[in-house]
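So the chains spell out like this:
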Amino acid sequence: MHKRLICPQRIRQVPKQFSWVDHRLVRDHYIDQCGHAAAALYLFLVTVADAQGLSYYADSSIARRLNFNDDDLRRARSELVRVGLIAWQKPLYQVLAIEPIPAPRPPRRAAEPQLLANIFRQIIKEAP
């Protein structure tokens, strides 16, 4: 079977702490966004995926091994995709590199009152 990356820009790499399970999964609260079934599916995929994070395990095999029904697997997979931990294109799963948390944006300053007054004047001038 020919393997192809779904998201080549996010090939996972062994993190500095030397573990396939990146500590940011917990530290950056990714795991907090997943239910038990999604966490079990993620652990399974991390375990069976190759060095690029790819797995061709069939849904029926995954469901059998995790004691899931079809709906359980579908929901767990959707959670992991939504959170950004995996990509999926049937029949291929890819465990993704965990994205760094973006730096918080500085709070927006309120518009200067004088500036708003000028905007309103301009609108009024242009009104029919």
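Residues numbered from 1 in each chain as written. Predicted model: local features only at pLDDT ≥ 70, side-chain atom pairs only at ≥ 80, totals over all residues. Heavy atoms only, no water.

If you tally the helices and strands in the protein chain, you get 5 helices and 3 strands. Start at the N end of the protein chain and walk to the C end: the helices and strands fall as α-α-β-α-α-β-β-α. A burial count over the protein chain gives 31% of its 128 residues as buried. If you take every contact in the protein chain between residues at least 6 apart in sequence, the share linking residues at least 24 apart comes to 70%. (Helix = DSSP H or I, 4+ residues; strand = E, 2+ residues; numbered from the N terminus. Buried < 20%, exposed > 50% of the residue type's maximum accessible area, 1.4 Å probe, protein only. Contact = heavy atoms within 4.5 Å.)

This next bit is on the nonpolar core. In terms of nonpolar packing, the biggest core is built from 22 residues, with Leu41, Tyr42, Leu45, Ile62, Leu73, Leu80 and Leu85 touching the most fellow members. Within the residue set of this core, elements represented by two or more residues are α2 (36-48), α3 (59-66), α4 (70-83) and β3 (92-95). Not counting residues within four places of it along the chain, the set of residues in contact with Ile62 comprises Leu41, Phe44, Leu45, Tyr57, Leu73 and Tyr93. Residues Ile6, Leu54, Ala87 and Leu92 belong to the second largest nonpolar core, which totals 6 residues. (Core = buried A, V, L, I, M, F, W, Y, C linked by side-chain atoms within 4.5 Å.)

Residue Lys90 is joined to Pro91 through a cis peptide bond whose omega torsion reads 5°. Position of Pro91 relative to the elements: it lies in the loop between β2 (86-89) and β3. Phi angles above zero are rare outside glycine, and His29 is one such case at about 70°. Structurally, the position occupied by His29 is in the loop between α1 (24-27) and α2.

The end-to-end C-alpha separation of α2 is 18 Å, in line with the 18 Å expected for 13 residues at 1.5 Å each. In this fold, the buried residues of α2 make contact with α1, β1 (54-55), α3, α4, β2 and β3. (Expected span 1.5 Å × (residues − 1).)

Turning our attention to the confidence of the model for the protein chain. The predicted model of the protein chain has a mean per-residue pLDDT of 84, with 73% of residues at 70 or higher. The spread of mean pLDDT over the elements of the protein chain runs between helix α5 (residues 113-126), the lowest at 64, and α3, the highest at 98. (pLDDT = per-residue confidence, 0-100.)

On to the packing of aromatic side chains, then. What the rule picks out here adds up to 2 aromatic pairs. With centroids separated by 5.1 Å and ring planes inclined at 85°, the aromatic side chains of Phe44 and Tyr57 adopt a geometry described as edge-to-face. Pair noted here: Phe44 is in helix α2 and Tyr57 is in the loop between β1 and α3, with a separation of 13 residues, a long-range link. Assessed through its relative accessible area of 11%, Phe44 is described here as buried. Measuring from ring centre to ring centre gives 6.2 Å for Trp88 and Tyr93, while their planes differ by 45°; the resulting arrangement is tilted. Of note, Arg77 hangs over the ring of Trp88, and the distance from its end group to the ring centre comes to 3.7 Å. (Phe/Tyr/Trp six-rings, centres within 6.5 Å; stacked < 30°, edge-to-face > 60°. Lys NZ or Arg CZ within 6 Å of the ring centre and 35° of its normal.)

This next bit is on the pairing of β3. Along β3, one buried face is formed by Leu92 and Gln94 and the opposite face, lined by Tyr93 and Val95, is buried too. Where β1 lies against β3, 2 bridges are found, and the strand directions are antiparallel. Its bridge partner being in β3, Ser55 is matched across the sheet by Tyr93. Across 4 bridges, the pairing between β2 and β3 is antiparallel. (Pairing = 2+ DSSP bridges.)

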